[in-house]
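# Structure at a glance
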There are 2 protein chains.
Amino acid sequence: MVATAALHSPLQQQRAVHPTLHAVRTTPSCSTCGVVSLCLPCSAEHEPGEYLDELVTQRTHLHKGDVLVHRGDRFTALYAIHSGSCKSVVTTTCGGEQIVGYHITGEVLGAEAIFKGVHDSTITVLEDSEFCVLQFERVQSLARRSDDFQRSFNAFLSREIGLERKLMLMLGTMRAEQRLASFLLDLADRYRARGYSSCEFVLRMTREEIGSHLGLKLETVSRLFSRFHQEGLICVQGREVKLLDRTGLQQIIDTADQ
Amino acid sequence: MVATAALHSPLQQQRAVHPTLHAVRTTPSCSTCGVVSLCLPCSAEHEPGEYLDELVTQRTHLHKGDVLVHRGDRFTALYAIHSGSCKSVVTTTCGGEQIVGYHITGEVLGAEAIFKGVHDSTITVLEDSEFCVLQFERVQSLARRSDDFQRSFNAFLSREIGLERKLMLMLGTMRAEQRLASFLLDLADRYRARGYSSCEFVLRMTREEIGSHLGLKLETVSRLFSRFHQEGLICVQGREVKLLDRTGLQQIIDTADQ
DNA sequence: CGTAAGTTTGACTTACATCAAGTTTTGTGG
DNA sequence: CCACAAAACTTGATGTAAGTCAAACTTACG
């Protein structure tokens, strides 16, 4: 397998064809990958890398705005983000849209489509990113042979349920300011787990997209950013965010009312 | 194993001790159970009953108000509702509560706790109900031996992710009337799948609980029931609901605005 | 049969949405 | 590299869906 990064044409900026048609780098390897420990929950004695190498045979490089998965695409693989970020968008019957997921390095996408065999969300790349392709056939086959992997994979699916539930709770019980504070702190935690700065990062989404993710309108998101900035909780400059007072943000979440 | 239904004391009404201390009926059997096909997604050639018999060794009978699982309990088993209904309640750090699930016959609970090994929601029984206890050890062991079951179990977990996402979408994008209409139609579909009447059923939750589930206040729920009744969409008499105009309810959901 | 829990309905408030300008940033082609 | 158009963002004024408060009514239950 040979690196063919030059395949990308400028036209792909807008709409991606099937990922397999994209550049495939030299054979990827989980055992030498810096982020693999994030992809799957793993037991202490068995580092996931040991048996995962056979799982990822392909890596796909996509550009900002490219679509990794279209709503309606047949489910064949899970995708682990090797680097970069993306959003999952669901369209409701009435034409409404919601961003149900904002995903960064080390997160694995697509598990919700196992059941139906069809993806019902569109996954769009938010910056130049690399994805590891986990053919589901191989995932299942490995689970059959390795009890340890089977356990990890179940834990991974269970974790996804918990993450969805957490978002659900946010949308069901929190006020606007609590939602944004929660979003920022959650993101900070995820960056920290990845060894990045946990208090200084660049948002890859517009105010409108953040709003869609939090069940708010872009104006509300913008106003809240300004307010948090004024109150000295954060420092915002466009999409660059610095968390200045994590305790203060946590207090906003923990405050029952007002 | 002998039926010991007489074990129940009136005191148990409020707080249940561990389910294993409750009445255990004669050895239950999936292969002769009417609702098993609902518990796990199954392939056409392999009816789930074939290999599931070894899975369920216990059945627990609980009363209205009993608690099946407390927040903080160690995860050891999944619970399938053989008959009856229950609610899953999550408490937020700030003391807020949300009902994250309203479950009826044939639904399987607890999968979100596999990852952490600890339940973070409290499951309370809404009417006298029977639960099949699926020790997770046995679930994993069976998955190891049966590819078909492994596949089903993955599909089940994936389906749960999708269900959470559906609720998330409701909370993130819908207005109050859309949420209630959606809740009623969803419930109707679930009853239909169980062979019950899909347009006439008894809600086992109070207005407050329904509100908590839909991210609304009880007064709003009550007003909406009254309005839907006036508009001839449904017929409500306390907790008894009759759906009179499913298309009308669907239209409420599909209407973008107003 | 009486108390408590649940429900309905009305009057009023509020958090967020909507509408509307104006400003800044981004990106593209000359 | 600059110019200029499009996209993204900010901020203010106003509207409204749903929340809050309150009182009366109904149902469940010991």
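Residues numbered from 1 in each chain as written. Chains lettered and ligands numbered in written order. Predicted model: local features only at pLDDT ≥ 70, side-chain atom pairs only at ≥ 80, totals over all residues. Heavy atoms only, no water.

For the rest of this paragraph, the subject is the protein's contact with DNA strand C. In the neighbourhood of DNA strand C, 18 residues make up the surrounding shell, with Ala176(A), Thr220(A), Arg207(B), Ser222(B) and Ser226(B) lying closest. For DNA strand C, the backbone makes up 63% of the atoms found within 4 Å of the protein, where backbone means sugar plus phosphate. A distance of 2.6 Å separates a phosphate oxygen of DNA strand C from a polar backbone atom of Ala176(A). Between Ser226(B) and DNA strand C, the recorded distance is 2.6 Å, taken from a side-chain N or O atom to a phosphate oxygen. Those elements giving two or more residues to the surface near DNA strand C turn out to be helix H7 (218–230) of chain A together with helix H7 (218–230) of chain B. (Near = heavy atom within 4 Å. Polar contact = N/O pair within 3.5 Å; in protein donor to acceptor, adjacent residues only side chain to side chain. Helix = DSSP H or I, 4+ residues; strand = E, 2+ residues; numbered from the N terminus.)

Next up on the list: the protein's contact with DNA strand D. Residues in contact with DNA strand D amount to 18 residues; listed here are only the nearest, Arg207(A), Ser222(A), Ser226(A), Ala176(B) and Thr220(B). If you look at DNA strand D and keep only atoms within 4 Å of the protein, 66% of those are sugar or phosphate atoms. Ser226(A) places a polar side-chain atom, nitrogen or oxygen, 2.6 Å from a phosphate oxygen of DNA strand D. At the level of elements, H7 of chain A together with H7 of chain B are the ones that each hand at least two residues to the surface near DNA strand D. Counting residues per element, the surface near DNA strand D draws most heavily on H7(A), which supplies five residues. Looking at the surface near DNA strand D, its residues break down into three nonpolar, six polar and nine charged. (Nonpolar A, V, L, I, M, F, W, Y, C, P; charged D, E, K, R; others polar.)

With 18 residues, helix H5 (residues 176–193) of chain B extends 26 Å from end C-alpha to end C-alpha; this agrees with the ideal 26 Å at 1.5 Å per step. Judged by how many residues are buried, H5(B) sits mostly within the fold: 13 of 18 residues are covered. (Expected span 1.5 Å × (residues − 1). Buried < 20%, exposed > 50% of the residue type's maximum accessible area, 1.4 Å probe, protein only.)

Below, the discussion takes up the sheet that holds strand E10 (residues 234–237) of chain A. Residues and elements named next belong to chain A. What the three strands build is an open sheet, ordered E9-E11-E10; its pairing is antiparallel. A strand with exactly one partner marks an edge of an open sheet, and here the two such strands are strand E9 (200–202) and E10. For this sheet, the mean angle separating the axes of adjacent strands, direction not counted, is 15°. Both E9 and strand E11 (residues 240–243) contribute to a ladder of three bridges, which runs antiparallel. Counted as the bridge partner of Glu200 is Lys242 from E11. (Pairing = 2+ DSSP bridges. Axes fitted to C-alpha atoms, helices over the stretch in contact; angles between N-to-C directions.)

A few words now on the sheet that holds strand E2 (residues 67–69) of chain B. All names here are of chain B. Reading across the sheet, the four strands line up as E2-E7-E4-E5 and stay open at both edges, with antiparallel pairing between neighbours. Two strands bound the open sheet, and with one partner strand each, they are E2 and strand E5 (97–104). With strand direction ignored, the average angle separating the axes of adjacent strands in the sheet is 30°. Taken together, the seven bridges between strand E4 (residues 85–91) and E5 define a ladder with antiparallel strand orientation. Paired with Val90 across the strands is Gln98, a residue of E5.

Next up on the list: helix H4 (residues 147–173) of chain A. In this model, H4(A) (27 residues) spans 39 Å end to end at C-alpha, consistent with the 39 Å of a helix rising 1.5 Å per residue. Summarising burial for H4(A): 20 of the 27 residues are buried, a large majority.

Residues and elements named next belong to chain B. As for its position among the elements, Gln178 is in helix H5. Engagement of the side chain of Gln178 in a polar contact is seen with the backbone oxygen of Ile253, the distance being 3.0 Å. Those residues in contact with Gln178 that lie beyond four places of it in its chain are Thr173, Ile252, Ile253 and Thr255. (Contact = heavy atoms within 4.5 Å.)

It takes a turn of 180° to lay chain B on chain A, together with a shift of 0.0 Å along the axis; the resulting RMSD is 0.0 Å. Both copies are brought into coincidence by an operation consistent with a two-fold rotation axis. Of the interface residues in chain B, 100% have counterparts in chain A that sit at the interface too, so the contact is made through matching surfaces. (Least-squares fit on C-alpha atoms with pLDDT ≥ 70 in both.)

Let's shift gears to the environment of Thr92(B). With respect to the secondary-structure elements, Thr92(B) resides in the loop between E4 and E5. Residue Thr92(B) is classed as buried on the basis of its relative accessible area, which comes to 13%. Aside from chain neighbours lying at most four places away, what touches Thr92(B) is Leu169(A) and Thr173(A).

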